[in-house]
Each structure stands twice: as C-alpha cells, then as structure tokens.
Protein chains: 2
Amino acid sequence: MHVAIVLYPGFTSLDVIGPYEVLGRLPDTEVVFVAEQPGLVRNDLRSLSINVVAGLADVPEPDVVLIGGGPGQADQMADGNLHEWLRTVDRTAAWTASACTGSLILAAAGVLNGRRATTHWAALGNLAEFGVTPANERVVIDGHYATAAGVSAGIDMALTLAGFLAGDDMAQAVQLIIEYAPEPPYHAGSLDVAPAKAVEIAKAKLSGRLS
Amino acid sequence: MHVAIVLYPGFTSLDVIGPYEVLGRLPDTEVVFVAEQPGLVRNDLRSLSINVVAGLADVPEPDVVLIGGGPGQADQMADGNLHEWLRTVDRTAAWTASACTGSLILAAAGVLNGRRATTHWAALGNLAEFGVTPANERVVIDGHYATAAGVSAGIDMALTLAGFLAGDDMAQAVQLIIEYAPEPPYHAGSLDVAPAKAVEIAKAKLSGRLS
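Note that the structure is a prediction, hence the values are computed from the model and not measured.

A. Highlighting the overall build of chain A. Summing up its helical and strand segments, chain A has six helices and 11 strands in all. Over its C-alpha trace chain A gives a radius of gyration of 16 Å, about what one expects of a compact globule, namely 17 Å for 211 residues. Overall, the C-alpha framework of chain A stretches about 45 × 40 × 35 Å when taken along its three principal axes. Counted over contacts in chain A with a minimum sequence separation of 6, partners at least 24 positions apart contribute 63%. A gap of 10 Å separates the mean positions of the 12 positive and 23 negative side-chain charges of chain A.

B. Quick peek at unusual backbone geometry. One non-glycine residue with positive phi stands out, namely A:Arg46, at about 70 degrees. One can find A:Arg46 in the loop between strand 3 (39-42) and strand 4 (49-52).

C. Representation of the sheet that holds strand 5 (residues 54-55) of chain B in the model. Residue and element names in this part refer to chain B. Across the sheet, which stays open at both edges, the seven strands sit in the order 5-2-1-6-7-11-10 with mixed pairing between neighbours. The two strands at the open ends of the sheet, each matched to only one other strand, are strand 5 and strand 10 (139-142). Strand direction decides the pairing type here: strand 10 and strand 11 (residues 145-148), joined by four bridges, are antiparallel. When the bridges of strand 11 are listed, Asp142 appears paired with Tyr145. In this fold helix 3 (residues 102-109) packs onto strand 6 (64-67), strand 7 (95-98) and strand 11, with an angle of close to 130 degrees to the strand it touches most, strand 7.

D. The sheet that holds strand 10 (residues 139-142) of chain A, seen in detail. All names here are of chain A. Taken in spatial order, the seven strands make up an open sheet running 5-2-1-6-7-11-10, and their pairing is mixed. One side of each edge strand has no neighbouring strand; the edge strands of this open sheet are strand 5 (54-55) and strand 10. As defined by bridge partners, strand 2 (residues 30-35) adjoins strand 5 across two bridges and the pair is classed as parallel. Residue pairing in the sheet places Ala35 in a bridge with Gly55 of strand 5. Its contacts with the sheet put helix 3 (residues 102-109) on strand 6 (64-67), strand 7 (95-98) and strand 11 (145-148), and the angle it makes with strand 7 is roughly 130 degrees.

E. Representation of the interface of chain B and chain A in the model. Counting residues at the interface gives 67 residues for chain B and 67 residues for chain A. Per-residue buried area on chain B facing chain A is highest for B:Leu176, B:Glu179 and B:Tyr186; these three make up 14% of the total on that side. Taken together, the links from chain B to chain A amount to two salt bridges. Taken together, chain B and chain A are joined by 36 residue pairs in polar contact (both at pLDDT 80 or more). Mapped by element, the contributors of at least two residues to the side of chain B that touches chain A are helix 1 (13-23), strand 2 (30-35), strand 4 (49-52), helix 4 (153-166), helix 5 (168-177) and helix 6 (196-206) of chain B. In terms of residue count, the dominant contributor to the side of chain B that touches chain A is helix 5 of chain B (nine residues).

F. Up close: the relation of the copies chain B and chain A. Expressed as a screw transformation, the operator carrying chain B onto chain A has a rotation angle of 180 degrees and an axial translation of 0.0 Å, and the superposed copies differ by an RMSD of 0.0 Å. Such values leave the two copies arranged in the relation of a two-fold axis. Taking the C-alpha atom as reference, chain B places B:Ile50 closest to the rotation axis, 2.3 Å from it. With an isologous cut-off of 70% or more, the 100% of interface residues of chain B that recur at the interface of chain A puts this contact in the isologous class.

G. How the structure looks around the nonpolar core. If you look at the biggest cluster of nonpolar residues, it comprises 161 residues, and the most contacted ones within it are A:Ile17, A:Trp85, A:Leu86, B:Ile17, B:Trp85 and B:Leu86. Setting aside chain neighbours within four positions, we find A:Trp85 in contact with A:Ala4, A:Val6, A:Val34, A:Leu56, A:Val59, A:Pro62 and A:Val65.

H. Examining the packing of helix 1 (residues 13-23) of chain A against helix 4 (residues 153-166) of chain A more closely. All names here are of chain A. Between helix 1 and helix 4, the least distance of the axes is 8 Å, while the angle of their chain directions is 25 degrees. Put simply, helix 1 runs roughly parallel to helix 4. Like other packed secondary-structure pairs, helix 1 and helix 4 cross with a definite hand, here right-handed. Taken together, the residues of helix 4 that come into contact with helix 1 (itself represented by Gly18, Pro19, Val22 and Leu23) are Gly154, Ile155, Met157, Ala158, Leu159, Leu161, Ala162 and Leu165.

I. Fine view of the UniProt feature "domain: DJ-1/PfpI" (unreviewed entry) in chain A. This chain's UniProt record puts "domain: DJ-1/PfpI" (unreviewed entry) on residues 2-161 of chain A. The span residues 2-161 of chain A carries 25% helix and 26% strand; its end-to-end C-alpha distance comes to 14 Å.

The rules behind the values
Residues numbered from 1 in each chain as written. Chains lettered and ligands numbered in written order. Predicted model: local features only at pLDDT ≥ 70, side-chain atom pairs only at ≥ 80, totals over all residues. Heavy atoms only, no water. Helix = DSSP H or I, 4+ residues; strand = E, 2+ residues; numbered from the N terminus. Rg over C-alpha atoms; globule rule 2.2 N^0.38 Å. Contact = heavy atoms within 4.5 Å. Lys, Arg positive; Asp, Glu negative; His and termini not counted. Charge placed at Lys NZ, Arg CZ, Asp CG, Glu CD. Pairing = 2+ DSSP bridges. Axes fitted to C-alpha atoms, helices over the stretch in contact; angles between N-to-C directions. Buried area = accessible area lost by both parts, 1.4 Å probe. Salt bridge = Lys/Arg side-chain N within 4 Å of Asp/Glu carboxyl O. Polar contact = N/O pair within 3.5 Å; in protein donor to acceptor, adjacent residues only side chain to side chain. Least-squares fit on C-alpha atoms with pLDDT ≥ 70 in both. Core = buried A, V, L, I, M, F, W, Y, C linked by side-chain atoms within 4.5 Å. Buried < 20%, exposed > 50% of the residue type's maximum accessible area, 1.4 Å probe, protein only. Parallel < 35°, antiparallel > 145°, perpendicular 65-115°, else oblique. Left-handed = near helix turned anticlockwise from the far one by under 90°. UniProt positions renumbered as here; feature names shortened; annotations may be inferred.

Rendered as structure tokens:
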C-alpha cells in the first residue's frame with residue numbers, strides 16, 4: 001500500500017505526523033512525503049524542516065492521499081498544480097484524507113463537493129463556501145473521504161482508516177504500540193468544553209491565520 | 001524560553017512532534033532540534049527526515065530539554081557526548097523531559113538516579129537497571145523531571161509542562177488550538193485494556209526493537 005502525505009510551507013506538524021505514525025506502521029505500507037516543491041519544507045512554527053524527496057509527478061497513484069492543515073493552507077487555495085494533482089489521485093485512491101484545515105484545500109480543489117466533512121473548529125464555517133456540508137465531528141467518513149477536526153484529531157482519523165485498511169486487530173495493535181490511551185491534564189480540547197479564558201487566548205493566537 | 005529537542009537516527013516521530021506542537025506554541029518560546037550529528041536525521045520508519053541545524057555544543061543551556069524514544073534509543077545507551085551533554089544541561093534546565101524510551105537514555109546518562117519515571121509499556125522493566133523506580137503512569141513528575149509513557153503520551157506530558165511553564169489558561173488555550181479532545185475509535189491504548197490479539201501483534205511488531 002502506498003500512502004502519500006502532502007506537505008507545503010507553513011504546515012502544522014502534528015496534523016501530518018499523527019496520521020503518519022499510525023498509517024506508517026501498517027503492514028506492507030510505504031509512506032512518501034510529497035510536495036509541489038520538494039526539498040526542505042518548513043512548518044508554521046518555523047523551527048522544523050522536513051526533507052521531502054518526492055514531487056507531485058513522482059507519486060501518480062497513491063492508495064491513500066493525506067493532506068494536513070496549518071496557516072500555510074491559505075496559500076494552497078488557488079487552483080494550480082496541487083489542486084490538479086489532488087483531483088487526479090483522488091480518482092484512483094482508496095482513501096482521500098485530511099487533518100485540520102487540509103480539508104479546505106481538498107474542498108477548494110473540488111473533490112469534496114456535496115460531501116460532509118470536518119476541519120479545525122476555527123474554520124468549520126469555511127467549508128460551506130465550497131459546497132461541502134460542515135460536520136462538527138472529530139472524524140467524518142463520507143464515501144472514500146476521511147476528514148479530521150483540528151491537529152490532534154488526525155490520530156483518531158488515522159486509526160479509523162487503519163481499521164478499514166488493515167482490520168480491527170491491526171489498528172488496535174498500532175494504538176497499543178503508540179500507547180494511545182489519552183489522559184489530557186485539562187478538559188479544554190474543544191470549543192464547547194474549554195474555559196472562556198482559554199477560548200479567548202486561542203482565538204487571539206489563531207487570529208488572521210485561517211483563510 | 002529555550003526548548004531543546006534531541007533527535008538521533010531511528011527516533012519515533014510522534015514522540016517528539018507531540019510535545020513540540022504543544023511547547024512550540026507557548027509565548028516567547030524558541031524550540032531548537034539538536035543532534036550529536038546535525039544534518040538530516042532519519043526516523044525509525046525510514047520515510048521521514050528532519051533537518052537538524054544545531055549540534056550539542058550549539059545549545060549549552062536550554063531551559064527545557066526533551067528527548068524522545070524509538071528503536072534508535074538502543075544505540076544511545078553508551079556513555080559519550082550525548083550523555084555528557086544531557087548531564088550538563090540537566091544541571092541548569094528548569095525541566096528535563098522525555099517521551100517513550102527517551103527516559104531510558106536519561107536513565108543511562110545517570111540523571112534519573114533515584115527518581116520515579118515512566119516509559120513505553122514494553123520497556124518499563126528496563127528502568128530499574130539504572131537505579132530508577134518504574135512508575136506505570138502516563139505522565140510522571142519527579143523534581144524537575146517529566147517523563148511520559150509511550151509515543152502519544154508525550155502530548156499529555158507536554159500539556160502538563162505547559163501548565164507549569166505558562167499557566168493553566170495558556171496550556172488550555174494550546175490544548176484547544178490543537179483540538180486535543182481525543183476520541184480513539186478503539187479502546188486498546190494500554191496493556192491492561194487492549195484485546196489479547198492486539199497485544200500479541202503489538203509485541204511481535206516491537207520484538208527486538210527495545211534494548
């Protein structure tokens with residue numbers, strides 16, 4: 001199985017590394033990071049650079065394609081090589097997946113038209129602009145599309161995909177290997193439970209970073 | 001605040017990227033990835049390379065030092081430059097932290113002597129060899145040491161540290177930004193809840209990978 005994970009400048013690292021850590025552990029699976037401009041691709045926080053060895057043309061027919069989000073998503077919304085590639089690989093992929101605002105890029109490319117999908121809570125309203133029905137859920141499966149809510153939700157999405165791709169036993173084994181039995185020290189991970197002060201700080205920090 | 005995250009060949013990416021995504025979002029915080037051999041450092045799954053720009057000597061006095069685990073941990077257990085650096089920075093760091101089997105490296109370097117600590121479930125017994133009391137907990141705080149259980153536990157550890165470093169409001173805001181309201185599709189993330197078949201597969205996959 002070939003999994004392609006798309007990177008672009010200003011990506012949020014956990015969006016892609018969470019799913020990578022799950023999908024990369026499935027049997028007979030090869031993951032390749034791919035970018036429109038291969039080479040070192042720098043993240044949103046600017047302190048992490050991943051070396052991307054594959055360009056879009058090098059990965060013509062992945063079984064799974066995954067795109068994450070991050071502030072750099074805003075620069076990937078115009079039609080062009082990436083959108084064309086996404087539309088093409090989507091036709092043959094078993095799964096087209098996103099974490100966080102990666103779904104906005106899929107939506108802008110037109111592949112989520114008429115589908116239900118999710119994204120980061122701060123961007124949920126933006127999906128409707130592209131003919132996509134926003135779903136305030138952590139993981140949304142609609143047809144062969146798997147979309148995840150913000151950042152860390154990619155782990156839950158990838159474990160769900162792992163079950164479809166390799167069976168429940170293997171998905172559970174991967175969950176055990178990455179010891180994913182979360183115990184967040186706070187109860188603040190979604191908009192409906194976070195304390196008002198945390199919401200205020202989070203909104204200020206995200207201000208102007210979403211398209 | 002200066003945070004140093006140590007990489008070495010064969011690291012597990014989520015061990016470090018989970019905490020990075022949390023700590024890197026704290027105010028006035030600069031994160032630097034550091035390695036004994038800077039340049040491209042490749043992970044355990046061999047499909048991800050991070051470009052490390054700093055050598056150990058370039059980061060003499062971080063406020064927080066964090067080391068993750070992975071199969072490559074086995075090659076970092078002998079005394080040498082990394083252990084010497086860990087002992088040195090530990091003297092002045094506000095926090096010395098680990099995720100997964102990174103705590104075995106801290107233990108081998110001697111800095112966890114007499115402390116309680118945790119690590120990946122498959123390696124918990126190994127801590128005692130180094131005069132460390134193994135604690136079967138997701139996050140262990142002892143003095144200025146913060147250790148996390150396997151892989152994904154680093155996120156919980158980092159949010160705990162974020163509270164100490166920047167206050168509860170900020171830690172909760174970061175939790176909301178990374179939308180960390182986990183909904184694992186299975187209940188298999190720890191040894192005491194995982195189904196027998198998942199445990200069997202996980203142990204087979206991990207076999208020979210821990211020292």
